[in-house]
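One-letter residues, chain by chain:
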Amino acid sequence: MKLFNILSVFLLCSYLSYSQKYTISGNILDSNNSAIEFATIIVSNEDKTEVLKGTSTDANGYFILNNLESNTYTLQISFMGFQTYEQKIVLTGSLNLKTITLEDDIENLDQVIVTAKKPTLTREADRLIFNVENTALVEGNMLQVLRSTPGVLVIGDEISVKNATPTVYINNRKVHLSSDDLNQLLEGSSANAIKSIEVITNPSARYDADSGVVLNIVMSKNLITGYRGSVFTNYTQAVFPRYKAGTSHFFKNKDISFNVNYTYSKDKINRDGDDSVNYLDNDNVLEQSWRSVTNRNTWSETHTLNANFDYLINDNNTLSVSTNSLYLPYFKYRISNNTTIFDDNGAFLSRFTADNLSRDNKYNLGFDLDFSHDFTKGQLVFNTHFTTYNYKRNQGVVSDFFDVNDDFQNASAFNTHANQDTQILATKVDYSLPIGDNSSFESGVKFSNINTESDVMQFDVDVNSGNETIDTQNSDAFDYEERIYAGYINYATSKEKYNLTIGLRVEQTDLEGQSPLSNITNKQEYLELFPNLSFQYNISANYNISANYKRTITRPGYADLNPFRFFLNENYVITGNPNLVPTFVDYYDLKTSLFDGLITVGAYYSNYDGAISEIPRQNNDTNIIEYTSVNFDKTTEYGFDFELYYNITDNWNTYFATSFYHREEETDFGNGFVNQTQWSNYSNLTNSISLLKDKSLNVYFDLIWLGENLQAFQAIEDRLFSQLIISKTLLKKQGTISLSVSDLFNMHNFDVSTAYQNQSNTQFIDVDDRFVRLGFRYKFGNTKLETNARNSDLEERNRLNK
């Protein structure tokens, strides 16, 4: 309460602060003294690295830019058929430029309007910024752009940065969905409006405490009046074909700004597996070996919708309503499994087959209401968020058993009905205050409340009559409520010789989970502090050194705490763990940048207190593999990084990075401590090339090497990830055709092995991402517009799991 009172007093005092703001105005005419309507007016900072404000002229050629502070700006005025006008302005008071005459452009109006660019990298103390606007990468989807971002690894549904799961933001707003839902959202969303990807390894205290690493997808801003639209479609040929189509629309006038993006996808994905389990006796000597050959197919139809409406009440107040919605009306999941059992000498004993057919449907609807007020100095933003999530699964499993002579013996069957309903309500207030020309102060408070109700009912089925009998041992319900109270303060300053960001976040968590049928209750209450520090010292214009520290938290997913046992077949089961506690992470890094950012060298260290990992545990008595999440007693990782970013020519640049890192994991499963360590290597080589005179043909080629590594006591073999993307603009730059090829060397699939104490098993994992994709996008309307598309979601949503 003291923290909240202090912040409230500060916000009140800041409201009373005052600083004069100014305007820039003028009239735009052509050489015949006729007014030019819809000319684009943009104000940037002095070195033109950031666009600050924009507008367009009215029917009389008049424009005005409001709420500008005393500073030095670059003014740019452009319109098709005229040369761009540029002027540096030192603003010390409101300025009327009177009349500005644009000169005719001697070039043909049908020539290039937007010039294709190469991806560029910018390294800052706490982040890496990957600029992709108008490159070949934006002709794909958002997930494809993340897969191409240096330091980001995408394997199946999992996104990671230095072995940590990042929190994904879009325009500084969190997208919090389960890994499956997030994957579907990103893969189903067009990337054509992406400006850059920020890999923030040390987020400030303004970010939630569980944002250890942030991937912020920055969308281009719609600064000028007009309408823009586009339609796109692509066809992907992997093992089976996949289809996607969508449309985007953006509109802005003086008072309102609106955008809507819709995508429909229809997919069929194939995944093959070849798993072996060595069941051991009490002396850890091989007793039986089980080999399972599995084919998994999923059919799905997905609708994604993102919409945002901004209403400019006046120059100081803006009201926004937005939604981010995912609807999956059709999802069919079929698993065909054949398991062969051998004795310790490799002689055939028996086998069984298991056919699993599941049908799902779910929706995840998120809504945000925002109100922002600009003071004469500073800004106050109120946000209220609501998510409703509903998931249903109906599963049927039939198993056939065969004897040593491979003769049919008997069959068994069971059905499962699972449901989850979750409601999230959150509200927060953020205040930012500039202090002088080089510093700023931020503070805020947040409250979130999560309620989720789940149930699973399993029925034994008589294979002859089809009659069902409830299995009470494997049926249960789970009610969960979580409340988080948070507050933060953050200070940042930038001087000629150094940059400093320091902050502190406080979070109080209260949760309770109940399983009435199994009589299990889990209550947790904890108050934690989360400091962060980022410091960069500029030795010279070409050399700097930086250091970062941050403490973060990883809370268990709602489903991880759920004690349900969900059987995939009679020998594979997924089990929740109501005794899970949060993971606390301390992260340190030290970097130096040489030759004006050409080379970066660094080292890092991470300590995980109670790391949460899902692991397979084989029961040698029951011959059941159980997947469950546990807290490890000790997990540490440290590594050494090297990065090189170099422009080979004006049309060709390359990026190379390599990291050698050491990981150690330790825990006690009841039979003594298990300790495993592993040195690994991650390397990335990227080339981006622009071809033809107008740079309308772009080629992007990416290679990622991931050496053998350790994850949750499992050794994962070497992999080489590769992708090639080619795009060509046509139809007077309004159309773009693209070709993408993934896994050129057929090295994305991999083996996983487990070997410690009485655990001995291997898996082959097929991710089915070797494909060829052909796409086309067509733009219409005022195609020079940029978009303010953004996605608005809450931190809590990423913990929604099935």
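Residues numbered from 1 in each chain as written. Predicted model: local features only at pLDDT ≥ 70, side-chain atom pairs only at ≥ 80, totals over all residues. Heavy atoms only, no water.

Q: Any details on the overall build of the protein chain? Residues and values, ideally.
A: Helix and strand counts for the protein chain come out as 3 helices and 46 strands. Across the 802 residues of the protein chain, 53% fall into the buried class. With the model as given, the accessible surface of the protein chain reaches about 34,800 Å², and the carbon-plus-sulfur share is 54%. (Helix = DSSP H or I, 4+ residues; strand = E, 2+ residues; numbered from the N terminus. Buried < 20%, exposed > 50% of the residue type's maximum accessible area, 1.4 Å probe, protein only. Areas by Shrake-Rupley, 256 points an atom, 1.4 Å probe, with all protein chains shown as cover.)

Q: Quick one: what's the story with the sheet that holds strand β2 (residues 40-45), residue by residue and with numbers?
A: A sheet is described by the order of its strands in space; here 4 strands give the open sequence β3-β2-β5-β6, paired in antiparallel fashion. Only two strands of the sheet have a single partner each, and these edge strands are β3 (51-56) and β6 (85-91). When strand polarity is set aside, the average angle formed by the axes of neighbouring strands in this sheet is 20°. The sheet contact formed by strand β5 (residues 71-78) and β6 spans 7 bridges and is antiparallel. Paired with Gln76 across the strands is Glu86, a residue of β6. (Pairing = 2+ DSSP bridges. Axes fitted to C-alpha atoms, helices over the stretch in contact; angles between N-to-C directions.)

Q: Explain the pattern of salt bridges to me, and be specific about the residues and the numbers.
A: Within the structure shown, the criterion is met by 18 salt bridges. In this structure, Asp208 and Arg505 form a salt bridge, with 2.8 Å as the shortest nitrogen-oxygen distance. Placement of Asp208 in the loop between β14 (194-200) and β15 (214-219) and of Arg505 in strand β27 (residues 498-515) is noted, with a sequence separation of 297 residues between them. Among the ionic pairs, Glu528 bridges to Arg551, the shortest N-O distance being 3.2 Å. Within this pair, whereas Glu528 is found in strand β28 (residues 520-538), its partner Arg551 is found in strand β29 (residues 544-554), the two being separated by 23 residues in sequence. Judged by relative accessible area, Arg551 falls into the buried class, the value being 16%. Taken together, the shared-partner salt bridges connect Asp208, Lys446, Arg505, Glu507 and Arg555 into one network. (Salt bridge = Lys/Arg side-chain N within 4 Å of Asp/Glu carboxyl O.)

Q: Describe the side chain of Ser204, naming the residues involved and giving the relevant values.
A: For Ser204, the position within the fold is in the loop between β14 and β15. Excluding anything up to four places from it in sequence, Ser204 contacts Glu442, Asn490, Thr501, Asn532 and Lys550. (Contact = heavy atoms within 4.5 Å.)

Q: How would you summarise the packing of aromatic side chains if you had to cite specific residues and measurements?
A: Here the structure, examined in full by the defined rule, presents 23 aromatic pairs. Ring centres 6.5 Å apart and planes at 35° place the aromatic pair Phe371 and Phe382 in the tilted group. Here the residue Phe371 occupies a position in strand β21 (residues 348-374), and Phe382 occupies one in strand β22 (residues 379-402), the gap between them amounting to 11 residues. Here Phe371 falls in the partly exposed class, since its relative accessible area comes to 27%. Aromatic ring contacts, followed pair by pair, group Tyr279, Trp290, Phe352 and Phe401 into a single cluster. Arg617 extends its terminal NZ or CZ atom over the ring of Phe669, reaching a point 4.1 Å from the ring centre. Residue placement shows Arg663 over the ring face of Tyr608; its charged tip is 5.8 Å from the ring centre. (Phe/Tyr/Trp six-rings, centres within 6.5 Å; stacked < 30°, edge-to-face > 60°. Lys NZ or Arg CZ within 6 Å of the ring centre and 35° of its normal.)

Q: Before we move on, can you summarise a nonpolar patch on the surface with the specific residues and values?
A: On the surface, a nonpolar cluster with roughly 720 Å² of combined accessible area is contributed by Tyr227, Phe251, Phe258, Phe309, Tyr311, Ile313, Leu319, Val321 and Leu369. In terms of residue count, the dominant contributor to the nonpolar patch is strand β19 (residues 286-314) (3 residues). For Tyr311, a relative accessible area of 35% puts it in the partly exposed group. (Patch = residues over 30% accessible without salt bridge, like charges linked within 9 Å, V, L, I, M, F, W, Y side chains within 5 Å.)

Q: Break down the environment of Glu643 for me, citing the residues and quoting the values.
A: Here Glu643 shows up in strand β36 (residues 634-649). In this structure Glu643 comes out as buried when scored by relative accessible area, which is 12%. In this structure, the C-alpha to C-alpha distance between Glu643 and Thr658, residues 15 residues apart in sequence, is 6.7 Å. Setting aside residues no more than four positions away along its own chain, Glu643 makes contact with Arg123, Leu128, Leu598, Ile599, Thr600, Tyr655, Phe656 and Ala657. A distance of 2.6 Å separates a polar atom in the side chain of Glu643 from a polar atom in the side chain of Tyr655. (Polar contact = N/O pair within 3.5 Å; in protein donor to acceptor, adjacent residues only side chain to side chain.)

Q: Tell me what's going on with the pairing of β36, and back it up with residues and numbers.
A: Pairing of strand β33 (residues 599-609) with β36, which is carried by 10 bridges, proceeds in the antiparallel orientation. Bridge pairing in β36 places Ala603 opposite Phe640. Inspection of the sheet shows β36 paired to strand β37 (residues 652-668) by 15 bridges, in the antiparallel sense. Looking at β37, one finds that Tyr646 is bridged to Thr654.

Q: So what about unusual backbone geometry? Which residues, and what values?
A: In this model, Lys98 sits at a positive phi of 60°, which is unusual for a non-glycine residue. Relative to the helices and strands, Lys98 is located in strand β7 (residues 95-101). For Lys98, a relative accessible area of 57% translates into the label exposed. For Ala712, which is not a glycine, the phi torsion comes out positive at approximately 55°.

Q: Which residues make up the side chain of Thr422, and what values go with them?
A: By the element assignment, Thr422 lies in strand β23 (residues 408-435). Thr422 sits in the buried class, given a relative accessible area of 0%. A polar side-chain atom of Thr422 sits 3.2 Å from a polar atom in the side chain of Gln420.

Q: An account of the sheet that holds β7 is requested, with residue identities and associated values reported.
A: Pairing in this open sheet of 3 strands is mixed, and the strands run β4-β1-β7 from one edge to the other. The sheet is open, and its two edges are formed by β4 (62-68) and β7, each paired on a single side. The mean inter-strand angle of the sheet, taken between neighbouring strand axes irrespective of direction, is 15°. Summarising the sheet, strand β1 (residues 22-29) and β7 pair through 5 bridges and their orientation is parallel. Across the sheet, Ile24 pairs through a bridge with Leu95, a residue of β7.

Q: Let's hear about a negative patch on the surface: which residues, and what values?
A: Taken together, the side chains of Glu708, Glu717, Asp718 and Asp751 define an acidic patch exposed on the protein surface. You can see Glu717 is positioned in the loop between β41 (714-716) and β42 (719-730). (Lys, Arg positive; Asp, Glu negative; His and termini not counted. Charge placed at Lys NZ, Arg CZ, Asp CG, Glu CD.)

Q: Any chance you could break down the confidence of the model for the protein chain for me, citing the residues and the numbers?
A: For the protein chain, per-residue confidence averages 85 on the pLDDT scale, and residues scoring 70 or more make up 88% of the total. Taken element by element, the protein chain is modelled with least confidence in helix α1 (residues 2-15), mean pLDDT 45, and with most confidence in β33, mean pLDDT 95. Here residues 9-19 is modelled with pLDDT under 50, and outside its nearest four sequence neighbours on either side it reaches 20 contacts, counting other chains as well. Here residues 783-795 is a poorly scored stretch, pLDDT under 50, and it has 80 contacts once near neighbours within four places are set aside; other chains count. (pLDDT = per-residue confidence, 0-100.)

Q: An account of the environment of Gly366 is requested, with residue identities and associated values reported.
A: Summarising the element assignment, Gly366 is placed in strand β21. Owing to a relative accessible area of 0%, Gly366 belongs among the buried residues under this scheme. Distance from Gly366 to Asn324, taken between C-alpha atoms, is 5.2 Å for residues 42 residues apart in sequence.

Q: Give a description of the environment of Thr552 that names residues and reports values.
A: In this fold, Thr552 is placed in strand β29. What makes Thr552 buried here is its relative accessible area of 7%. Along the sequence, Thr552 and Asn532 sit 20 residues apart, while their C-alpha atoms lie 9.0 Å from each other. Apart from the residues lying within four places of it in its own chain, the contact partners of Thr552 are Ala209, Ser211, Gly212, Phe530, Thr583, Phe584 and Val585.

Q: Explain the nonpolar core residue by residue, including any values.
A: Within the largest apolar cluster, 35 residues are counted, with the highest numbers of intra-cluster contacts made by Ile159, Leu186, Ile194 and Ile217. Taken together, the elements giving at least two residues each to this core come down to β9 (127-131), α2 (142-148), β12 (167-170), α3 (179-187), β14 and β15. Considering each element in turn, this core owes the most residues, 4 residues, to α2. Formed by 19 residues, the second largest nonpolar core is a distinct cluster that contains Tyr22, Ile28, Val43 and Ile100. (Core = buried A, V, L, I, M, F, W, Y, C linked by side-chain atoms within 4.5 Å.)

Q: Now, about the pairing of β29: what can you tell me, with residues and values included?
A: Counting buried residues along β29, 8 of its 11 residues qualify, which places the element largely inside the surrounding structure. The pairing of β28 with β29 spans 7 bridges and is classified as antiparallel. Bridging from a neighbouring strand, Tyr537 pairs with Ile545 of β29. Taken together, β28 and the strand that follows it, β29, pair antiparallel across an intervening segment of 5 residues.

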